[in-house]
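A structural walkthrough
Each chain is listed here by its residues.
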Amino acid sequence: MIETIGLVCVGILLLIGAGFALVGAIGLLKLPDSMTRLHAPTKVGTVGIGALLLASMIHAWVLGAGSFHEVLIMAFLFVTAPISANFLAKTNMHKNACDTPPKPPRDDTWSTYAVPAHDGALTQKMDDKPAAKG
Amino acid sequence: MTKAFNWLLPHPILTLLLAVVWTLLQNSVSAGMVVFGVILGIIIPLMTAAWWPDRPQGFRLGKMINYSLIVMWDILVANIEVAKIVLFVPVADLKPAWIIIPLDLKEPEAITILAGTITLTPGTVSADLSDKGHSLLVHVLHTDDPDAEVATIKSRYEARLKEIFV
């Protein structure tokens, strides 16, 4: 009995997870520029992968070989996903692939634009390349 | 006694976290592995203390757990909203915007958690910090009222983080 309920839960969670992953993929195709495209997969991915991992966990528990690794996968994913999104956003800012962000009200500039003097030559070289737009 | 405790466990919550992660990695609870996890949890913070000079002093674990639950619920709700935007809002009607969040938080750890929360909650990505750390640059996928977004983030997340890091 419990096995049946568990397996039904697993099935529903798999469908939810797959559905969200599909929405993420559609967003990646549909959204117009790299900054908005960043939203679809990183976001929808959290619930999509969460549902799939939960399904895996329930499946393991129902069949008797309980597993906690999924909790760890989830935790590490939640810690690392924002960092990659952050790097992609900064790359977009440098490549001018998005609207130029407004200046910060209290400080001089955004920290990704604040280059120490001895690194100046390096970034100069990067900025000389024509920005790939569109 | 307190001094010895502070010396051995400069960061008790990190110790606990390392022990729990180690035990979860084993995928089975046995006394030996828990003890080894605790040993790792004591040694690693001691060895890395030199690279972490200004660790936050006050940290309320209870409020942090409460905060995590709120964030998880928000992730769920906002995911459905973003899914709706992706599926049903035509590209021409999309209103992406940059918003700037003036920060009251000072601790780098607290700002990191705030930035991570903003990125995990769908519809917003934190892009950058200003060079002296007073404001956070956030990109919003679709918004009619950027000021309302700023107010929500400040009242819902930042106010709570201020109570966690005291």
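Residues numbered from 1 in each chain as written. Chains lettered and ligands numbered in written order. Predicted model: local features only at pLDDT ≥ 70, side-chain atom pairs only at ≥ 80, totals over all residues.

Some words on the overall build of chain A
- Scanning chain A from terminus to terminus reveals 5 helices and 0 strands.
- Along chain A, helices and strands appear, N-terminal first, in the series α-α-α-α-α.
- Buried positions account for 24% of the 134 residues belonging to chain A.
- Taking the intrachain contacts of chain A between residues at least 6 apart in sequence as the baseline, contacts between residues at least 24 apart amount to 62%. (Helix = DSSP H or I, 4+ residues; strand = E, 2+ residues; numbered from the N terminus. Buried ≥ 20, exposed ≤ 12 C-beta atoms within 10 Å, placed from the backbone. Contact = placed C-beta atoms within 7 Å.)

Examining the sheet that holds strand β2 (residues 124-129) of chain B
- Read across the sheet, 3 strands follow the order β1-β3-β2 (chain B) without closing on themselves; strand pairing throughout is antiparallel. Each having just a single partner strand, β1 (97-102) and β2 of chain B make up the two edges of the open sheet. With strand direction ignored, the average angle separating the axes of adjacent strands in the sheet is 30°.
- The pairing of β2(B) with strand β3 (residues 135-140) of chain B spans 5 bridges and is classified as antiparallel. Each bridged residue has a counterpart across the sheet, and for V125(B) the counterpart in β3(B) is H139(B).
- Packed on one face of the sheet, helix α4 (residues 69-95) of chain A meets β2 and β3 of chain B and runs near 65° to β2(B).
- Sitting on the sheet, helix α6 (residues 146-164) of chain B touches β1 and β3 of chain B, and the angle it makes with β1(B) is about 40°. (Pairing = 2+ DSSP bridges. Axes fitted to C-alpha atoms, helices over the stretch in contact; angles between N-to-C directions.)

Notes on the interface of chain A and chain B
- The interface of chain A with chain B comprises 42 residues on the first partner and 36 residues on the second.
- A total of 11 residues in the side of chain A that touches chain B trace back to one element, the largest contributor, which is α4(A).
- When its residues are assigned to classes, the side of chain A that touches chain B shows 25 nonpolar, 10 polar and 7 charged. (Nonpolar A, V, L, I, M, F, W, Y, C, P; charged D, E, K, R; others polar.)

Notes on the nonpolar core
- Ranked by internal contacts, the top residues of the largest apolar core, which has 22 residues, are A89(A), L114(B), V125(B), A127(B), L136(B), L137(B) and V138(B).
- Among the elements of the structure, α4 of chain A together with β1, α5 (108-120), β2, β3 and α6 of chain B are those that each provide at least two residues to this core.
- Counting residues in each nonpolar core, the second largest holds 14 residues, with L13(A), V44(A), V47(A) and L141(B) among its members. (Core = buried A, V, L, I, M, F, W, Y, C linked by C-beta atoms within 7 Å.)

So, the confidence of the model for chain A
- With 86% of its residues at a pLDDT of 70 or more, chain A shows a mean pLDDT of 80.
- In the model of chain A, helix α5 (residues 120-128) of chain A stands out as the element of lowest mean pLDDT, 56, in contrast to helix α1 (residues 2-30) of chain A, which has the highest, 89. (pLDDT = per-residue confidence, 0-100.)

Here's the deal with the domain arrangement of chain B
- If you check the domain split of chain B, you get domain 1 (2-51) and domain 2 (61-164).
- When each unit is reduced to the centre of its C-alpha atoms, the spacing between domain 1 of chain B and domain 2 of chain B is 32 Å. (Domains from an automatic or database assignment.)

Let's talk about α4(A)
Residues and elements named next belong to chain A.
- The end-to-end C-alpha distance of α4 is 39 Å, a good match for the 39 Å that 27 residues give at a rise of 1.5 Å each.
- For α4, the principal kink sits at F78 and spans about 25°; a proline, P82, occurs within the next four residues.
- Taken together, the buried positions of α4 are F78, P82, A85, N86, A89, N92 and M93.
- The first or second residue beyond α4 is N96, which carries a positive phi of 55°. (Expected span 1.5 Å × (residues − 1). Bend = angle between axes of the 7 residues up to and from the residue.)

A word on the packing of helix α2 (residues 12-26) of chain B against helix α3 (residues 31-48) of chain B
Residues and elements named next belong to chain B.
- Between α2 and α3, whose axes approach to 8 Å, the crossing angle comes to 140°. Relative to α3, α2 is oriented oblique. In this structure, the crossing between α2 and α3 has a hand that is right-handed. Counting all contacts with α2, which are made through L14, T15, L16, L18, A19, W22, T23 and Q26, the residues of α3 involved are M33, V34, F36, G37, V38, L40, G41, I42, I44 and P45.
- Split into classes, the residues belonging to the contact of α2 with α3 amount to 13 nonpolar, 5 polar and no charged. (Parallel < 35°, antiparallel > 145°, perpendicular 65-115°, else oblique. Left-handed = near helix turned anticlockwise from the far one by under 90°.)

Quick notes on the confidence of the model for chain B
Residue and element names in this part refer to chain B.
- The share of residues in chain B with pLDDT of 70 or more is 96%, and the mean pLDDT across the chain is 83.
- Mean pLDDT per element in chain B: helix α1 (residues 2-8) is the minimum at 69, and β3 is the maximum at 88.
- Listed scores for the predicted complex are pTM 0.80 and ipTM 0.76.

Details of the pairing of β3(B)
All names here are of chain B.
- Among the 6 residues that make up β3, 5 are buried, leaving the element largely enclosed by the rest of the structure.
- For β1 and β3, the ladder comprises 6 bridges, and the chain directions are antiparallel. From the neighbouring strand, W98 faces β3, where its bridge partner is H139.
- Connecting the antiparallel pair β2 and β3 is a turn made up of 5 residues, with G133 showing a positive phi of about 80°.

A closer look at the packing of α4(A) against α5(B)
- In the contact formed by α4(A) and α5(B), the axes pass within 9 Å of each other and the chain directions differ by 85°. The angle between α4(A) and α5(B) places the two elements in the roughly perpendicular class. For the pair α4(A) and α5(B), the contacting residues are F78(A), A81(A), P82(A), A85(A) and N86(A) in the first and A115(B), G116(B), T119(B) and L120(B) in the second.
- By residue class, the composition of the contact of α4(A) with α5(B) is 6 nonpolar, 3 polar and no charged.

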